[in-house]
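Below are the chains, spelled out letter by letter.
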Amino acid sequence: MTQSYPLHLIPLLPFIGAAIALLFGKKLGKQLIGILSSGVVLLAAAIATMAVYRLGTELPPAGRLVDSFFTAPWIKAGDLEVGASLMLDHLSAVMVLVVTWIGFLIHIYSTAYMEHDEGFTKFFGFLNLFMGSMLILVLGDSLLVTFVGWEGVGLCSYLLIGFWFDKEAYAYAGRKAFVVNRVGDFGFLIAIFLVFGAAGTLNYAALDVPGGAAQGLAQHHWLNQPIALFVGLFILVGATGKSAQIPLYVWLPDAMAGPTPVSALIHAATMVTAGVYVVARMHVVFQIAPVTLAVVAVVGALTALFAATIGFAQKDLKKVLAYSTISQLGFMFVGVGSWMQHQIGDPHASSNYQAGIFHLVTHAFFKAGLFLGAGSVMHAMGGEGDVTRMGGLKKYLPHTRWTFLIYCLAIAGIPPFAGFWSKDAILAGAFAAQWPPDPNAGGLELFFAHHLGHLLYGVLLVAATCTAFYMFRLYYLVFEGEFRGTDEQLHHIHESPPAMTGVLWALALGTIGVGFLGMPNAFHHGLDVFGEWLEPIVREQPREEDVKHFVIFAAVATGAALFGILSARALYRNGFSETVKSFVAKFPGLYKLVLNKYKIDELYDALIVKPLRWIAVVLWRAFDMLIIDGLFVNGVGVLATSVGKLVRYVQNGDPQRYLVGILVGAAVMVWMAANWTVKGASDFVPKAEQRTVTVSAHGAAGSSGQRLQYRVSWDGDEKKFSSSQTSPIFQHTYDSGGKKKILVEAFDPRWGTKSRESHTVTLP
Amino acid sequence: MLALLAAAPDSAKAALADPKTIGAFSAPRGAFAIIAVLAIVGAAMTITRRNPISAVMWLVGTFFCLAGTYALLSAHFLAALQVLVYAGAIMTLFVFVVMVLNRDEPEPYNFRNIWTRAPIIVVAVGYLIYRLWTHTATLEPVHRGEPPAEFGTLAQIGTILFTDYLFVFEAVSILLLIAVIAAVVVARTMRPEVTHPEPTEEQNLGSELANEPGHGVGGPATVERAGHGHGGHGDDHGHGHGGGH
Amino acid sequence: MNQIPLSDFLLVSGVLFALGIVGALLRRNVLIVLMSVELMLNAANLALVAFARSYHDGRAHAFALIVMAIAAAEAAVGLAIVVGIFRSRRSVNVDELTLMKH
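This is a predicted model, so every value here is computed, not measured. (Residues numbered from 1 in each chain as written. Chains lettered and ligands numbered in written order. Predicted model: local features only at pLDDT ≥ 70, side-chain atom pairs only at ≥ 80, totals over all residues. Heavy atoms only, no water.)

Student: Help me out: how do you make sense of the packing of aromatic side chains in this one?
Tutor: Between two aromatic rings, the relevant description is the distance of the centres plus the angle of the planes. Residue and element names in this part refer to chain A. One pass over the full model with this rule turns up 26 aromatic pairs over all chains. With 5.6 Å between their ring centres and 45 degrees between their planes, Phe 147 and Phe 188 make a pair best called tilted. Of the two residues, Phe 147 sits in helix 5 (residues 143–161) while Phe 188 sits in helix 6 (residues 168–199), which places them 41 residues apart along the sequence. Taking relative accessible area as the criterion, Phe 147 reaches 10% and is therefore assigned buried. Note on Trp 150 and Phe 188: the rings are 4.5 Å apart at their centroids and 25 degrees apart in plane angle, and the pair reads as stacked. Of this pair, Trp 150 sits in helix 5 while Phe 188 sits in helix 6, placing them 38 residues apart in sequence. Take Trp 150: its relative accessible area is 1%, and that puts it in the buried class. (Phe/Tyr/Trp six-rings, centres within 6.5 Å; stacked < 30°, edge-to-face > 60°. Helix = DSSP H or I, 4+ residues; strand = E, 2+ residues; numbered from the N terminus. Buried < 20%, exposed > 50% of the residue type's maximum accessible area, 1.4 Å probe, protein only.)

Student: Just to check I follow, could you spell out the packing of helix 5 of chain A against helix 9 (residues 227–242) of chain A for this structure?
Tutor: When two helices pack together, their arrangement is given by the angle between their axes and by how far apart the axes lie. Residues and elements named next belong to chain A. Contact geometry of helix 5 with helix 9 gives a least axis separation of 12 Å together with a crossing angle of 25 degrees. Judged by the inter-axis angle, helix 5 sits roughly parallel to helix 9. Note on packing geometry: the crossing formed by helix 5 with helix 9 is left-handed. Facing Trp 150, Val 153 and Gly 154 of helix 5, the residues of helix 9 in contact are Gly 238, Ala 239 and Lys 242. Residue composition of the contact of helix 5 with helix 9, grouped by class: three nonpolar, two polar and one charged. (Axes fitted to C-alpha atoms, helices over the stretch in contact; angles between N-to-C directions. Parallel < 35°, antiparallel > 145°, perpendicular 65-115°, else oblique. Left-handed = near helix turned anticlockwise from the far one by under 90°. Contact = heavy atoms within 4.5 Å. Nonpolar A, V, L, I, M, F, W, Y, C, P; charged D, E, K, R; others polar.)

Student: What's the story with helix 1 (residues 9–28) of chain A in this structure? I'm lost.
Tutor: Residue and element names in this part refer to chain A. In a regular helix each residue adds 1.5 Å, so 20 residues correspond to 28 Å; helix 1 covers only 24 Å between its end C-alpha atoms and thus falls short of that length. At Leu 22, helix 1 shows its maximal bend, which comes to roughly 50 degrees. Within helix 1, burial applies to Ile 10, Pro 11, Leu 13, Pro 14, Gly 17, Ala 18, Ala 21 and Gly 25. At the C-terminal side of helix 1, Gly 29 shows a positive phi close to 90 degrees. (Expected span 1.5 Å × (residues − 1). Bend = angle between axes of the 7 residues up to and from the residue.)

Student: Hey, could you run me through the sheet that holds strand 8 (residues 684–689) of chain A in this one?
Tutor: Strand pairing in a sheet relies on backbone hydrogen bonds, with the paired strands running either antiparallel or parallel. Residues and elements named next belong to chain A. The sheet built from three strands is open, its strands ordered 8-9-11 with antiparallel pairing. The open sheet terminates on both sides in strands that have one partner only, identified here as strand 8 and strand 11 (729–733). Within the sheet, the average angular offset between the axes of one strand and its neighbour, ignoring direction, is 15 degrees. In this sheet, strand 11 lies alongside strand 9 (residues 692–697) in antiparallel orientation, the contact comprising five bridges. Counted as the bridge partner of Val 695 is Phe 730 from strand 11. (Pairing = 2+ DSSP bridges.)

And the structure:
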């Protein structure tokens, strides 16, 4: 059931804010722009909240609010019909609330953080632009509208990462983000093409209908697999690009070059979650071929562990958080990819989406908070981000410290903070996951189908432990121990202004409270508000665990987390302890490898970037400069001038010579005209039936054809021509068979010219 | 002579419209033969005389013969015009100019590259004439006998010019106007002060053609002018070059 | 005069035209060249009039009249140019008028 609602206001308001900020920012001044930009986001958030309220109260669970911007379809080309429409259902409701409210908080924060920056108004313009694009992404009602937003956030990411573009490295970081994203976008586009080709529509509502358009994706096969399999894989490619999973995660750590609010908003709470959102959104497709979900989960788990280990050695505050984001996104992917125990085709079949999306929400809170807290620390340290120079900051930055601690506890998964609930949901789901195997699957495949879940659970548990470890390493290095920086920095340290600390506390509250929305139903039915809310979309009953199950999982997870925390405490409580230092000294190679992020960037550079560059240079030097420029462009010029040089000698100034030329030209023209009239007139086509041959000559077109005379010689003998006639058609019956040579002549009595043509026919 | 020939068609009316008589020798044909020969002789003389005045006179004779031919062809008005316009006006113009420029040529003929040029010319012209002959020789005979009464009269030509081909008529009149203006402008004598308001040094009528062909007065021959340069042509250093761009 | 075949007139026209060409190409005096051009024009006129008589089409007469007018205009302008050239170069020799070359 659908209802109309002015959803377009939600992205439109930030766009208007962006336009004003970018066009008139300098004139209106920082304060006004700050208020304006934050204000439009607040408005959008309010409208979104009202919309969600309406959705929740007035519409049935599967209902949607829709809004079409144009009455006629936006694109109508052949079979493709796409409307510029927005849609709010339960899934996008979650996303839109997260995006707008956390976005609003970050806007407030930025008014203080970017206060001294010259590009203040430009920054807010871009920020609003990003908000608008992200909202289009989540509110879009078809893959194409989502893609518009997808591209938009990619663009804004580039603009904002490279915000301080006068530093070359930062500009390159922006470019790298854009290029890597593009690779993902390519995959996404292929997926869109495949969906349209097989299902005939790109509209989510149309695809969601059970047995509807999505059936096309199940029925069409390629390489013995349903097209849905490939769609899923390509969407995964796109998702790895946006959500920074293996292999397209390399842009995210570099993206830390942007201002911290950017990192918080884009690379923690919103843009990077787009990949997870899209996978959830296209669950119908993924469910047709559950092996794709297995791939999603595996990718997520590997990334989670991989990124977590990198976090061990990083020295830059924001880089640790970046890798942490990558790791947590991996968790989300596992959540979204864990297939619950149902058969394919079961209308209740689904994967553990609720857990994935739930973690998305909780992660948005504490990761944004972590980044903003980091910003606060860097602000206090005068821009310094190296943790080896920090320490003992708890004395000077109480607000920042306490909120940071809350966030760290949440990300480590300590109850009752939010992270615990969502992470636990994912872990439990992963453990219980079983991807339905092919009916004629072999032994190995069956083994994986049953036990992959356990494997992933193990990987995630290790990753969770690592998470706890490196996050608290960070905490201890920054806030505890002795100060390791310079005196000047010490002088400068001060707590952040209320605009920043207020937001930190708001996020902390969120971190504490949001978790309770998703408590498992094991304790009491109806506790899992979150799961219930998403149920109509993903059609999976919220997991009914018994209390015992839950307690075991919780205990294991919490234990692992505590282990991580305590190890970190032991090693880093007073700065880099001796153990750490001796470890580094004993394994310098390992340390360097981890510090250099396993040299993946260098690998990509050698394998992909350099060859591409080389091809480009070759094409440029050889092809472009030599062939196109030299041969075609310059060549044409050279040709023209040399021909001119030759022809020039015709003009010697002697008019009598020119007259001769005119004369000759006239004679030539008359000659051509005379011979043209019979040109091709005697071409003929012989048609033979038994011994009767019919010959029809072409006859010159036009008026001259009417006065031509034709003659034929059936023996091929020039002397034995028939008499002339004006018709070009002749017929003759031969007495004997064999090879016959036929001559036809066309004669123009006016000009006295003639032409002849001969053919040979073989008769029976 | 013209009157004689004009009277001839009346006497020959008896023998008209008979295809068999075409091509046969007849009085009109003989008359035409004489006139044609005279015309050709006149043309040949024109192009071979050393003295331009002689050439002009012979050409006038050719034109008279042609006028006679037109009369034979029932183009009476055109015959009169031929005498009036060609022989009367154009040739008079030629006479005047020849008198102004009369020089005997030491070498009247231009035999440069004659051995390359002659064959080409002969072939080309010969081919054209050959075509002309053969084309027309096989034309369907269009002998329709005597033309209608108003054929060749001033009235008919006037009607044609003022109704069907009015545009041509107007265009030609404009053309004549332009020709008059052009002739006047090109041929008038130059006075230095006519062209430029700055009458500084002038060297009159140098042996160079104009350095400034853009000033359509013919070479103003003021080759150097202090301070003004050559308007619009950039600087012409070393004026010995004369227009050789 | 339908006793005189058309081709006679055309032959004369052709010969006159050929003589005009020869004169235009082989004489050095620019005045003679101009006169040869007039000769050529007249040859064309003769052909026109002959055809007019043959087809009883008065429009060819009008055409011939136009040709005459144009010939007159051309002669006028051409002679004016000759006079102008003569003024500066004191010569009417075609060979010396070769300035418009590369």
